[in-house]
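A look at the structure
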Amino acid sequence: DDFAAVMFPADGHPNTYGLVAEVDGQIIGIAIWFHSFSTWTGKNGIWLEDLFVDPDHRGNGAGKALLGHLAQICRERGLTRLEWCVLKWNEPSIGFYPSLGAKAQDEWETFRLDGEALRSFAAESAGA
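What comes next is a walk through the structure. (Residues numbered from 1 in each chain as written. Predicted model: local features only at pLDDT ≥ 70, side-chain atom pairs only at ≥ 80, totals over all residues. Heavy atoms only, no water.)

Quick notes on unusual backbone geometry
The phi angle at D24 is positive, at roughly 50 degrees, despite the residue not being glycine. Residue position: D24 is located in the loop between strand 1 (17–23) and strand 2 (26–38). (Helix = DSSP H or I, 4+ residues; strand = E, 2+ residues; numbered from the N terminus.)

Here we look at the sheet that holds strand 3 (residues 43–53)
Pairing is mixed across the open sheet formed by four strands, whose spatial order is 1-2-3-4. Each end of this open sheet is capped by a strand with a single partner; those strands are strand 1 and strand 4 (82–84). Averaged over neighbouring strand pairs, the angle between their axes works out to 35 degrees when direction is ignored. Examined bridge by bridge, strand 2 and strand 3 share 10 bridges and lie antiparallel to one another. Bridged to W33 within strand 3 is L48. Docked against the sheet, helix 2 (residues 62–77) engages strand 1, strand 2, strand 3 and strand 4, running at close to 165 degrees with respect to strand 3. (Pairing = 2+ DSSP bridges. Axes fitted to C-alpha atoms, helices over the stretch in contact; angles between N-to-C directions. Contact = heavy atoms within 4.5 Å.)

As for a nonpolar patch on the surface
A surface patch of nonpolar side chains, amounting to about 280 Å² of accessible area, comprises L113, L118 and F121. Relative to the helices and strands, L118 resides in helix 4 (residues 115–125). (Patch = residues over 30% accessible without salt bridge, like charges linked within 9 Å, V, L, I, M, F, W, Y side chains within 5 Å. Areas by Shrake-Rupley, 256 points an atom, 1.4 Å probe, with all protein chains shown as cover. Salt bridge = Lys/Arg side-chain N within 4 Å of Asp/Glu carboxyl O.)

A look at helix 2
The terminal C-alpha atoms of helix 2 lie 23 Å apart, and with 16 residues this matches the ideal 22 Å at 1.5 Å per residue to within 8%. Looking only at helix 2, the buried set comprises A62, G63, L66, L67, L70, I73 and C74. The arc that holds every buried residue of helix 2, seen down its axis, measures 140 degrees, which confines them to one face. Along helix 2, the residues that are exposed and aim more than 90 degrees away from the buried face are K64, R75 and E76. (Expected span 1.5 Å × (residues − 1). Buried < 20%, exposed > 50% of the residue type's maximum accessible area, 1.4 Å probe, protein only. Arc of directions from axis to C-beta.)

Considering the nonpolar core
One finds L19, A31, W33, I46 and L70 to be the most contacted residues of the largest nonpolar core, which totals 16 residues. If you tally residues by element for this core, the top one is helix 2, at six residues. (Core = buried A, V, L, I, M, F, W, Y, C linked by side-chain atoms within 4.5 Å.)

Points about the pattern of salt bridges
Side-chain pairing between opposite charges can occur once the charged atoms of the two side chains come close. The full count for this structure, using the stated rule, is two salt bridges. Of the charged contacts, one joins R81 and E83 as a salt bridge, the two residues approaching to 3.9 Å between their closest N and O atoms. A residue is classified by how much of its surface remains accessible, and R81, at 27% relative accessible area, is partly exposed. With a relative accessible area of 26%, E83 lands in the partly exposed category. Across the salt bridge formed by E116 and R119, the nearest N and O atoms sit 3.4 Å from each other. Here the residue E116 and the residue R119 both occupy positions in helix 4, the gap between them amounting to three residues, near one helical turn. Of the two residues, E116 and R119, both sit in the exposed class.

In structure tokens form, the structure reads like this:
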């Protein structure tokens, strides 16, 4: 229901998008993405939130095809970046991405507020 609400909203335009990879009518991979914005370039890009290929179908080009389609969307729309995060323990993916020409952005550290920390900080900041 949450995915449907953001990807197919009853009112307005979607703000999250998805691509699927299929084999014989069966979905074997997905790419969930949304537009990002860079203050460095002054332009939008694509943030790839999730790339998943069924383990039984990995190594057959589905992930590369999904990323390639996103790169084509960037080119067609004049978007300057295609970016994503990868978990540090996901060594197969970390080894794969450079083969596409992707470069690790080692100078950035990801931070997250969620759950109770997000609720607490929001409540603390309400009067600010």
